[in-house]
Amino acid sequence: VIDLENALITSASNGESDEIHVVQGIYSGTFLYSSTEANGLIIKGGYDSGCASHNVDASLTVFDAMGGGTTLALSSSGASDLSVENLTLQNGVGISNGGGLFVNTLGLVHVTASIMQDNLIGDTNRGSGAYVKAGQIVFNDNQFLRNETGSGSVGGGAYGEAERI
């Protein structure tokens, strides 16, 4: 978990676009990427311990917030392109928007072959499974399972705000 947290912190300020390969397993906690740079970030799950091979089964790489906040939050004040692939994001509780996944960028967001499950947002919030605000949003081959919203909330699975969806 420490390596993943360090990778997110380093990629937020290293002046480069980055691709983080996540080894199969269960990672407990909440994970944050916050950058002022316009460089891209790709987070891909499903790798073996040496990162030599890759399995696209999202259930093999799980980020579990255990009810402690949003599972994965990615934000960039620049026009960063951000991608999430082959991850399960579960048991997140969004204090505001986004229980499993929260993304805010002016760039392009890709969410591919991932599972958002058992996430929750409170009253009058958006996107229990995923909340994405971006210049352009692309969702491909994802599953949204058992995500719940509070009273007056919208987007039990996903909620997106974009110039182009």
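Below, the structure is looked at part by part. (Residues numbered from 1 in each chain as written. Predicted model: local features only at pLDDT ≥ 70, side-chain atom pairs only at ≥ 80, totals over all residues. Heavy atoms only, no water.)

1. Remarks on the sheet that holds strand β2 (residues 25–28)
What holds strands together in a sheet is hydrogen bonding between their backbones, with the strands either parallel or antiparallel.
Here comes step 1: Strand order in the open sheet made by the 5 strands is β2-β5-β8-β12-β15, with parallel pairing throughout. Two strands bound the open sheet, and with one partner strand each, they are β2 and β15 (143–145). Along the sheet, successive strands turn relative to each other by an average axial angle of 15 degrees, direction set aside.
Here comes step 2: Bridging between strand β12 (residues 115–117) and β15 involves 3 bridges; their strand directions are parallel. Across the sheet, Ile-115 pairs through a bridge with Gln-143, a residue of β15. (Pairing = 2+ DSSP bridges. Helix = DSSP H or I, 4+ residues; strand = E, 2+ residues; numbered from the N terminus. Axes fitted to C-alpha atoms, helices over the stretch in contact; angles between N-to-C directions.)

2. Remarks on the pattern of salt bridges
Here comes step 1: Counted under the stated rule, the structure contains 4 salt bridges.
Here comes step 2: Here Glu-85 makes a salt bridge to Lys-44, at a shortest N to O gap of 4.0 Å. Note that Glu-85 is positioned in strand β7 (residues 82–85) and Lys-44 in strand β4 (residues 41–47), a separation of 41 residues in sequence. Grouping residues by exposure puts Glu-85 and Lys-44 together as buried. (Salt bridge = Lys/Arg side-chain N within 4 Å of Asp/Glu carboxyl O. Buried < 20%, exposed > 50% of the residue type's maximum accessible area, 1.4 Å probe, protein only.)

3. Focus: the nonpolar core
Here comes step 1: Within the largest apolar cluster, 26 residues are counted, with the highest numbers of intra-cluster contacts made by Phe-63, Leu-72 and Leu-74.
Here comes step 2: A total of 4 residues in this core trace back to one element, the largest contributor, which is strand β14 (residues 130–140).
Here comes step 3: Ignoring any residue separated from it by four or fewer positions in sequence, one finds Leu-72 in contact with Phe-31, Ile-43, Phe-63, Val-84, Leu-87, Leu-89, Gly-100, Leu-101 and Phe-102. (Core = buried A, V, L, I, M, F, W, Y, C linked by side-chain atoms within 4.5 Å. Contact = heavy atoms within 4.5 Å.)

4. Focus: the sheet that holds strand β16 (residues 148–149)
Here comes step 1: With respect to topology, 3 strands assemble into an open sheet ordered β9-β13-β16, the strand pairing being parallel. Looking at the sheet topology across the chains shown, the edges are occupied by β9 (93–94) and β16.
Here comes step 2: Here strand β13 (residues 120–121) runs beside β16; their pairing, made up of 2 bridges, is parallel. By the bridge assignment, Leu-120 is partnered in β16 with Glu-148.

5. Re the side chain of Asn-86
Here comes step 1: Its place among the elements puts Asn-86 in the loop between β7 and β8 (88–90).
Here comes step 2: A relative accessible area of 3% places Asn-86 in the buried class.
Here comes step 3: A polar contact of 3.1 Å, which involves the side chain of Asn-86, links it to the side chain of His-54.
Here comes step 4: Those residues in contact with Asn-86 that lie beyond four places of it in its chain are Gly-45, Gly-46, His-54, Val-56, Ala-58, Thr-61, Thr-112, Ala-113 and Ser-114. (Polar contact = N/O pair within 3.5 Å; in protein donor to acceptor, adjacent residues only side chain to side chain.)

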